[in-house]
Amino acid sequence: MKISNVEFLLKDGRRAVLRNAVESDAQGLYDYLVKSAGETHFILREPEDCWAYSVEGEKELIKKFAENPYQMILVCEVDGVIAGNCEISFNGKSKLRHRASLAIALLKDYWGQGIGSCMFEAMIKTAEDFGGVTRLFLEVVEGNERALALYKKFGFEIVSHLPDGLRLKDGTYLSEYRMMKKLGE
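Everything quoted here is computed from the prediction, not taken from an experiment.

A.B. asks: Explanation requested: helix 2 (residues 55-67) in the structure shown.
C.D. replies: Structural remark: α-helix, 3.6 residues per turn; residues separated by three or four positions point the same way. With 13 residues, helix 2 should reach 18 Å at 1.5 Å per residue; the first-to-last C-alpha distance of 19 Å fits that figure. Along helix 2, the positions that sit buried rather than exposed are Glu58, Ile62 and Phe65. Buried residues of helix 2, viewed axially, fall in a sector of 65°; they line one side. The exposed residues of helix 2 that point more than 90 degrees off its buried face are Lys64 and Glu67. Buried residues along helix 2 sit against helix 1 (26-37), strand 3 (71-78) and strand 4 (81-90).

Structure follows, in structure tokens:
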């Protein structure tokens, strides 16, 4: 799946572009994955989990996404740096065609700059254009108030709760919430 590049200004005046990931982004995506894993416990991976990633693996993943009509990965690039990415996945099974799953993450340096809103606008439009999608789903970790506010801004509501869904290194348990947005209603 592809979108047209979306160029926009960040709140601090820098220029950004939201676009489909391409194979030449592999190093930047890898660097982003490793850095973002250490910036917050709201991401499902820890830095030590990044051993499973590689630049070559990122190239393969980007290629698979580009060839798959049911998935899309976008990156937001600011000054030559991948500031964040988002994904949307559709399902081809007849009983599940009405729904899509979204995921989003940003490097901490870019929080509060409008990137998340731009990503959500692009993913929602993609879902609407896909046809037949009436429900969007995503997950959010307890305490991630910034993300929760963004998701609610775009009409997502909490529909389920998984107590103790995550366990941090210090032994703290955090709940995971599933959120849903209805399209076209």
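This is not the end of the story, as more comes after the structure.
A.B. asks: Even after reading the chapter, I still don't get the packing of helix 1 against helix 2, so can you show me in this structure?
C.D. replies: Two quantities define a packed helix pair, namely the angle between the axes and the distance from one axis to the other. In the contact formed by helix 1 and helix 2, the axes pass within 8 Å of each other and the chain directions differ by 110°. Taken together, the axes of helix 1 and helix 2 are roughly perpendicular relative to one another. For helix 1 against helix 2, the interelement crossing comes out right-handed. Of helix 2, the residues touching helix 1 (which contributes Ala26, Gln27, Leu29, Tyr30 and Leu33) are Val55, Glu58, Lys59 and Ile62. Here the residues of the contact of helix 1 with helix 2 are counted per class, giving six nonpolar, one polar and two charged.

A.B. asks: What should I look at first to understand the sheet that holds strand 3 in this one?
C.D. replies: Pairing between the strands of a sheet is mediated by backbone hydrogen bonds and can be parallel or antiparallel. Taken together, the eight strands give an open sheet; going across it, the order is 1-2-3-4-5-6-8-7, and neighbouring strands pair in mixed fashion. Both edges of this open sheet fall to strand 1 (6-9) and strand 7 (157-167), since each of them pairs with a single strand only. This sheet shows a mean twist of 20° between the axes of neighbouring strands, independent of strand direction. Pairing of strand 1 with strand 2 (residues 15-20) involves four bridges; the strand directions are antiparallel.

A.B. asks: Explanation requested: the layout of surface pockets in the structure shown.
C.D. replies: Over the atoms a probe the size of a water molecule is rolled, and this reveals where empty space is left. Counted as a void, the largest pocket has a volume near 1,100 Å³. Around the largest pocket, the lining comprises 41 residues; the ones closest to its centre are Ala103, Ile104, Ala105, Leu106 and Tyr151. Put simply, the parts of the chain that give the lining of the largest pocket at least two residues each are helix 1, helix 2, strand 4, strand 5 (99-106), helix 3 (115-130), strand 6 (135-141) and helix 4 (145-153). Of the residues forming the lining of the largest pocket, the biggest block, six residues, is contributed by strand 5. Among the residues forming the lining of the largest pocket, the class breakdown is 24 nonpolar, nine polar and eight charged.

A.B. asks: Quick question: what am I supposed to make of helix 3 here?
C.D. replies: Along its 16 residues, helix 3 runs 22 Å from first to last C-alpha, staying within 8% of the 22 Å computed at 1.5 Å per residue. Taken residue by residue, helix 3 has Ile115, Gly116, Ser117, Cys118, Met119, Phe120, Ala122, Met123, Ile124, Thr126 and Ala127 as its buried positions. Trailing helix 3 by a residue or two, Gly131 shows a phi angle of about 90°, which is positive.

A.B. asks: Please clarify how unusual backbone geometry should be interpreted in this entry.
C.D. replies: In terms of backbone geometry, most residues other than glycine have negative phi values and most peptide bonds are trans. Its identity is not glycine, yet Asp79 carries a phi of approximately 50°, on the positive side. Tracing the backbone shows Asp79 in the loop between strand 3 and strand 4. Overall, Asp79 belongs to the exposed group, its relative accessible area being 59%. Phi at Asp164 takes a positive value of approximately 55°, unusual for a residue other than glycine. Along the chain, Asp164 falls in strand 7. Under the relative-accessibility criterion, Asp164 is labelled partly exposed at 49%.

A.B. asks: Even after reading the chapter, I still don't get a negative patch on the surface, so can you show me in this structure?
C.D. replies: Together, Glu23, Glu56, Glu60 and Glu67 give the surface a local cluster of negative charge. Here Glu60 is to be found in helix 2.

Cut-offs used in this document
Residues numbered from 1 in each chain as written. Predicted model: local features only at pLDDT ≥ 70, side-chain atom pairs only at ≥ 80, totals over all residues. Heavy atoms only, no water. Helix = DSSP H or I, 4+ residues; strand = E, 2+ residues; numbered from the N terminus. Expected span 1.5 Å × (residues − 1). Buried < 20%, exposed > 50% of the residue type's maximum accessible area, 1.4 Å probe, protein only. Arc of directions from axis to C-beta. Contact = heavy atoms within 4.5 Å. Axes fitted to C-alpha atoms, helices over the stretch in contact; angles between N-to-C directions. Parallel < 35°, antiparallel > 145°, perpendicular 65-115°, else oblique. Left-handed = near helix turned anticlockwise from the far one by under 90°. Nonpolar A, V, L, I, M, F, W, Y, C, P; charged D, E, K, R; others polar. Pairing = 2+ DSSP bridges. 1 Å grid on protein atoms, 1.4 Å probe; cavity = no way out; pocket = protein on both sides within 12 Å on 5 of 7 lines; lining within 4 Å. Points joined across faces, edges and corners; volume = space filled by probe spheres on them. Patch = residues over 30% accessible without salt bridge, like charges linked within 9 Å, V, L, I, M, F, W, Y side chains within 5 Å. Areas by Shrake-Rupley, 256 points an atom, 1.4 Å probe, with all protein chains shown as cover. Salt bridge = Lys/Arg side-chain N within 4 Å of Asp/Glu carboxyl O. Lys, Arg positive; Asp, Glu negative; His and termini not counted. Charge placed at Lys NZ, Arg CZ, Asp CG, Glu CD.

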